[in-house]
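Observations on the three-dimensional arrangement
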Amino acid sequence: MKSWMLRMIPIACLALIVAGFGFVLPGNADTGLPALTVTVPGQPIWNYTGLTVTAGQVLELRSVGYVCTYEVGGVFSTSGPEGQVDGLGCGDYEGAPPPCGLDHAPYGMLLGKIVGANKSVVFGIGDADTLKAPISGKLYLGVNDNLDGYYDNYGFFRVTFK
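This report concerns the structure included in the present document.

Quick notes on the rules
- Here the residue numbers are simple positions, counted from 1 along each chain's written sequence.
- Totals for whole chains, interfaces and linings use all residues, but because this is a predicted model, local features are given only for residues with pLDDT of at least 70 and pairs of side-chain atoms are given and counted only at 80 or more.
- Hydrogens and water molecules were not included; the side-chain quantities draw on all heavy atoms of the structure.
- Two strands qualify as a pair provided DSSP detects at least 2 bridges between them.
- A run of H or I in DSSP counts as a helix once it spans at least four residues, and a run of E counts as a strand once it spans at least two, with each numbered from the N terminus.
- When two cysteine sulfur atoms are found within 2.5 Å, that pair is recorded as a disulfide.
- Patches here are clusters of residues that have more than 30% relative accessible area and form no salt bridge, with a 9 Å joining cutoff for like charges and a 5 Å cutoff for nonpolar side chains (Val, Leu, Ile, Met, Phe, Trp, Tyr).
- Residue burial considers only the protein chains on display, and all accessible areas are found by Shrake-Rupley using a 1.4 Å probe.
- The rule for a salt bridge is simple: a side-chain nitrogen of Lys or Arg has to be within 4 Å of a carboxyl oxygen of Asp or Glu.
- We treat Lys and Arg as the positive residues and Asp and Glu as the negative residues; His and chain ends play no part in the count.
- For charged residues, the charge sits on one atom: NZ in Lys, CZ in Arg, CG in Asp, CD in Glu.
- To define a nonpolar core, start from buried Ala, Val, Leu, Ile, Met, Phe, Trp, Tyr and Cys residues and group those joined through side-chain atoms within 4.5 Å.
- Buried means the residue's accessible area, taken with a 1.4 Å probe over protein chains only, is under 20% of the maximum for its type, while exposed means over 50%, and partly exposed covers the values in between.
- Contacts: residue pairs with any heavy atoms within 4.5 Å of one another.

Looking at the pairing of strand β6 (residues 120-124)
- Here strand β5 (residues 110-115) runs beside β6; their pairing, made up of five bridges, is antiparallel. When the sheet's bridge partners are listed, Ile114 is paired in β6 with Val121.
- In sequence, β5 turns back onto β6 through a hairpin of four residues.

This is the structure:
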């Protein structure tokens with residue numbers, strides 16, 4: 001058997017195994033592009049995703065992880081991407097230092113920010129599985145908290161864009 005044919009056997013076997021088990025590489029079936037996973041730490045407030053979006057564009061995403069936005073005396077304010085939905089919204093309690101990443105939205109909520117040519121827009125994402133870009137620009141992700149309160153946050157979210 002010719003040497004080039006011998007080198008093709010492992011590739012052919014792998015192709016058969018992949019086809020036989022229905023193995024699918026992660027990514028976007030419509031575009032063929034690989035999925036993008038972004039880590040969003042509890043601090044700093046905004047983290048650039050590397051994505052530029054167009055107004056009206058819909059992105060599919062999946063968010064996992066936990067962030068703690070506050071800890072006093074062993075009491076932790078921890079949440080998933082939906083934020084701390086069982087309490088007051090960010091900045092809504094008496095004496096809260098204003099402003100927040102997104103006022104009145106839950107503390108710890110996953111936020112989006114698009115920085116366009118002439119303006120920027122901040123919006124809640126939470127645990128949604130789609131995001132519709134309100135304007136065109138660069139997409140940033142962050143965690144909702146009082147703007148002077150990020151120093152004590154920890155944890156992270158992992159957001160995968162499909």
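Now that the structure is up, let's keep going.
Description of the state of the cysteines
- Applying the stated criterion to the full structure yields one disulfide.
- Here Cys90 connects covalently by a disulfide to Cys100, the sulfurs 2.1 Å from one another. In this structure the cystine formed by Cys90 and Cys100 twists about its S-S bond by roughly -95°; its chirality is therefore left-handed. With Cys90 in the loop between β4 (75-79) and β5 and Cys100 in the loop between β4 and β5, the pair connects residues that are 10 residues apart, well separated along the chain.

Things to note about a negative patch on the surface
- A surface patch of negative charge is lined by Glu60, Glu82, Asp127 and Asp129.
- Here Glu82 lies in the loop between β4 and β5.

Re the nonpolar core
- Ranked by size, the top nonpolar core spans 19 residues in total, and within it Val40 and Phe161 carry the most contacts.
- Counting residues per element, the ones that place at least two in this core are β1 (36-41), β3 (58-72), β5, β8 (137-143) and β9 (154-161).
- If near-sequence neighbours (up to four positions away) are discounted, Phe161 is found in contact with Ala35, Leu36, Val38, Thr49, Leu51, Leu59, Glu60, Leu61, Leu139 and Leu141.

Purely geometric numbers; function is a separate question.
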